[in-house]
Amino acid sequence: MAGGGVVNTGKGKEYPGKLTLFVFLTCIVAATGGLIFGYDIGISGGVTSMDSFLMKFFPEVLAKEKADKSTNQYCKFDSQLLTSFTSSLYLAALIASFFASSVTRAFGRKWSMLGGGLTFLVGSALNGAAVNVLMLILGRILLGIGVGFANQSVPLYLSEMAPARLRGMLNIGFQLMITVGILAANFINYGTAKIKGGWGWRVSLALAAVPACVISLGALFLPDTPNSLIERGHSEEAKQMLRRIRGTDDIDEEYNDLVAASQESKLVKHPWSNIIKRKYRPQLTMTILIPFFQQITGINVIMFYAPVLFKTIGFGSEASLMSAVISGLVNVFATFVSIFTVDKLGRRKLFLQGGIQMIICQIIVGTLIAIKFGTSGEASLSKAYAAFVVLFICAYVAGFAWSWGPLGWLVPSEIFPLEIRSAGQSINVSVNMLFTFVIAQAFLSMLCHMKFGLFYFFAGWVVIMTIFIALFLPETKNVPIEEMILVWKAHWFWGKFIADDDIHVKPAV
Ligand code: BGC
């Protein structure tokens, strides 16, 4: 089969060691870095739909929204100002992740996490206490910087800490925490929207301090990864750490691979100019395309706009919020499917199955909406019909939650050699944030112009990305992270980009 499926490379070479309680706990603590990102994804939509919030900061938006009497459900009132406030966070994260790259490489992964958590904490305080738009925007920028640092360092940390055969499972803890953050935010908005007196939004924004404290305190106690310790010249500490996290003294083989990777890494003074070298073309391509594809699945249309979307198809306010909570729950629980299968079935099977499920669901949802709303955008749906739409939206969310969601963070974090891993991860974060921003910004006008065709548009992209994975992504399950180059070398297409003397790790015997 083209694409090679399972590639016989580092496979078969398995380092001794077991899943120790220590590594399990450190990974859980590090994964909580996902909470701050998830909380933000979930909180802003709800807050910007609270009248009291709009009245205080964006009174002209509120006035125009109230004056909008259009019955065309596709073309709802759209304020670029308001959405740009929401998505400014993603631009800040985009830029911050480049700075995070140097911190993560020079000082270790944990300091980036701590820095991310603390900046996010200050941002949430500013937002909760905001008395003017300036405070609000400054707060958003600090939140964005926090997310940029956390998303840059946490996936790397998890992939380096985990034993190869459980790397997928432990890394997906990050995505799990993202989904928990989104769900928690949905519940909180549901509650604070009911607060009389018009300060509910303050509670929503200030509660971001809770996940910020969790990751900041956690990062203080986290040990650094052996890979990063060796890279920074602490060989003895690295050896001890490796023994501790693998629960055995028999770590020489893994240690030697890490040292070889670190020697290679020392030769690279400028990761940014190195990453464009021909030999890194496969990883560079993936770290640009995977986050782009992840966003162009259209998932954040559901994450940001679920209540609006459900209201559009005829649910009342309460029922819309309830449906958003339901899709949030599906998002959390479906993530467990990938946690338990990713190291057995592999990344490719999940990508392909999840992709096909998403395509089918998007076509069905688009068609259900086309039948009732046509192109005029005017209709009312029966309860049963609307419930049917929600059902397929949930099946779509589930497909994402065990494929592109977790794998969009896992795969880029595990495919790079040490010397450019940190730079590669920054590119992953920035592309992800850029397209999160673009979709958040463009969705309402796209819906107005493309109507139900928007669902077909996203489905078309999922077709392309599914074919791309089938052809170009080699299987990376169970392969030790510092031996990943062997996987690329064995791939039918990417193999020719890597010369024999680019390989400095010993292949499996
Ligand atoms: C994506 C987010 C998305 C979330 C949904 C993450 O992997 O990066 O953009 O909102 O999954 O659970």
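Remember, predicted model here, so these are calculated numbers, not experimental data. (Residues numbered from 1 in each chain as written. Predicted model: local features only at pLDDT ≥ 70, side-chain atom pairs only at ≥ 80, totals over all residues. Heavy atoms only, no water.)

> Help me understand the overall build of the protein, please; the structure alone is not making it clear to me.
For the protein, the helix and strand inventory stands at 23 helices and zero strands. Scaling as 2.2 N^0.38, a compact globule of 509 residues should have a C-alpha radius of gyration of about 23 Å, and the protein matches this with 23 Å. C-alpha atoms of the protein, sized along the principal axes, occupy 70 × 50 × 40 Å. When contacts within the protein are restricted to residue pairs at least 6 apart in sequence, long-range pairs at least 24 apart make up 81% of them. Here the protein holds 41 positive side-chain charges and 30 negative ones, and the gap between their average locations is 6 Å. (Helix = DSSP H or I, 4+ residues; strand = E, 2+ residues; numbered from the N terminus. Rg over C-alpha atoms; globule rule 2.2 N^0.38 Å. Contact = heavy atoms within 4.5 Å. Lys, Arg positive; Asp, Glu negative; His and termini not counted. Charge placed at Lys NZ, Arg CZ, Asp CG, Glu CD.)

> Explain the site of the ligand to me, please; I cannot follow it from the model alone.
The environment of the ligand is made up of 14 residues, and the closest members are Gln175, Gln294, Gln295, Asn300 and Asn331. Contact between the ligand and Gln294: an oxygen atom at 2.9 Å from a side-chain N or O atom of the residue. In the environment of the ligand, an oxygen atom lies 3.4 Å from a nitrogen or oxygen atom belonging to the backbone of Gly405. When the free accessible area of the ligand is taken as 310 Å², the share hidden by the protein chains comes to 100%. More than half of the atoms belonging to the ligand lie within 2 Å of the grid points that define the second largest cavity. When contributions to the shell around the ligand are tallied by element, the ones reaching two or more residues are α2 (33–47), α8 (167–192), α15 (281–296), α16 (299–312) and α20 (404–414). Per element, the largest residue contribution to the shell around the ligand is three residues, and it comes from α8. Tallied by class, residues from the shell around the ligand come to six nonpolar, eight polar and no charged. (Near = heavy atom within 4 Å. Polar contact = N/O pair within 3.5 Å; in protein donor to acceptor, adjacent residues only side chain to side chain. Areas by Shrake-Rupley, 256 points an atom, 1.4 Å probe, with all protein chains shown as cover. 1 Å grid on protein atoms, 1.4 Å probe; cavity = no way out; pocket = protein on both sides within 12 Å on 5 of 7 lines; lining within 4 Å. Sits in = over half its atoms within 2 Å of the grid points. Nonpolar A, V, L, I, M, F, W, Y, C, P; charged D, E, K, R; others polar.)

> I tried to follow the layout of surface pockets on my own but got confused; where do I start?
The rolling of a water-molecule-sized probe over the atoms marks out the regions of remaining empty space. Each pocket or cavity is described by its volume, and for the second largest pocket that value is around 210 Å³. Lining the second largest pocket are Phe24, Cys27, Ile28, Ala31, Met169, Leu170, Gly173, Leu176, Met177, Phe336, Ile339 and Phe340. Residue contributions to the lining of the second largest pocket peak at five residues, all from α8. (Points joined across faces, edges and corners; volume = space filled by probe spheres on them.)

> Explain the packing of aromatic side chains to me, please; I cannot follow it from the model alone.
In this description, an aromatic ring pair is defined by two values, namely the gap between the centres and the angle between the planes. Under the criterion given, the structure shown has 32 aromatic pairs. Centre to centre, the rings of Phe57 and Trp201 are 5.2 Å apart; their planes meet at 85°, and the pair counts as edge-to-face. On the criterion of sequence distance, the pair formed by Phe57 in helix α3 (residues 51–57) and Trp201 in helix α9 (residues 200–206) is long-range, its members being 144 residues apart. Each member of the pair Phe57 and Trp201 is classed as buried. (Phe/Tyr/Trp six-rings, centres within 6.5 Å; stacked < 30°, edge-to-face > 60°. Buried < 20%, exposed > 50% of the residue type's maximum accessible area, 1.4 Å probe, protein only.)

> What exactly am I supposed to notice about empty space enclosed by the protein here?
One pass over the full model with this rule turns up seven cavities of 30 Å³ or more. There is about 200 Å³ of room inside the largest cavity. Secondary structure elements with two or more residues in the lining of the largest cavity: α13 (252–266), α21 (418–450) and α23 (484–489). Considered class by class, the residues forming the lining of the largest cavity number 13 nonpolar, two polar and six charged. Its volume calculated, the second largest cavity comes out at about 140 Å³. Taken together, 15 residues line the second largest cavity, and the ones lying closest to its centre are Ile41, Gln175, Ile178, Asn300 and Phe400.

> Any chance you could explain a nonpolar patch on the surface here in plain terms?
A cluster of nonpolar side chains, Leu19, Leu21, Phe24, Leu25 and Ile28, forms an exposed patch at the surface whose accessible area comes to about 430 Å². Structurally, Phe24 is set in helix α1 (residues 21–31). What makes Phe24 partly exposed here is its relative accessible area of 33%. (Patch = residues over 30% accessible without salt bridge, like charges linked within 9 Å, V, L, I, M, F, W, Y side chains within 5 Å. Salt bridge = Lys/Arg side-chain N within 4 Å of Asp/Glu carboxyl O.)

> It is not clear to me how the environment of Phe174 should be interpreted in this structure. Could you clarify?
Within the secondary structure, Phe174 sits in helix α8. Considering only alpha carbons, one finds Phe174 and Phe107, 67 residues apart in sequence, at a separation of 22 Å. Leaving out residues up to four positions away in the same chain, Phe174 has contacts with Ala31, Gly33, Gly34, Asn151, Val154, Pro155, Leu158 and Trp409.

> Looking at this structure, I do not really get the confidence of the model for the protein. What am I missing?
Across the protein, the average pLDDT comes to 90, with 96% of residues at 70 or higher. For the protein, the element scoring lowest by mean pLDDT is α16, at 82; α15 scores highest, at 98. Confidence drops under a pLDDT of 50 for residues 1–12, and excluding neighbours within four residues, the segment shows 31 contacts in the predicted structure. (pLDDT = per-residue confidence, 0-100.)

> It is not clear to me how helix α5 (residues 80–107) should be interpreted in this structure. Could you clarify?
Because each turn of an α-helix spans 3.6 residues, side chains separated by three or four positions in sequence point in the same direction. When the terminal C-alpha atoms of α5 are compared, their 39 Å separation across 28 residues agrees well with the 40 Å that a helix rising 1.5 Å per residue should span. Where α5 bends most, at Thr86, the angle is about 40°. (Expected span 1.5 Å × (residues − 1). Bend = angle between axes of the 7 residues up to and from the residue.)

> Would you explain the state of the cysteines in this entry?
Two cysteines joined by a covalent bond between their sulfur atoms form a disulfide. Using the criterion set out here, one finds one disulfide in the structure. Disulfide partner of Cys75: Cys448, at an S-S distance of 2.0 Å. Disulfide Cys75-Cys448: the torsion about the S-S bond is 95°, which places it as right-handed. One end of the pair, Cys75, is in the loop between α4 (59–67) and α5; the other, Cys448, is in helix α21, with 373 residues separating them in the sequence. Residue classification places Cys448 among the partly exposed residues on the basis of a relative accessible area of 22%. Considering cysteine sulfurs only, Cys394 is the nearest to Cys361, which forms no disulfide, with 9.7 Å between them. For Cys361, a relative accessible area of 5% corresponds to the buried category. (Disulfide = S-S within 2.5 Å.)

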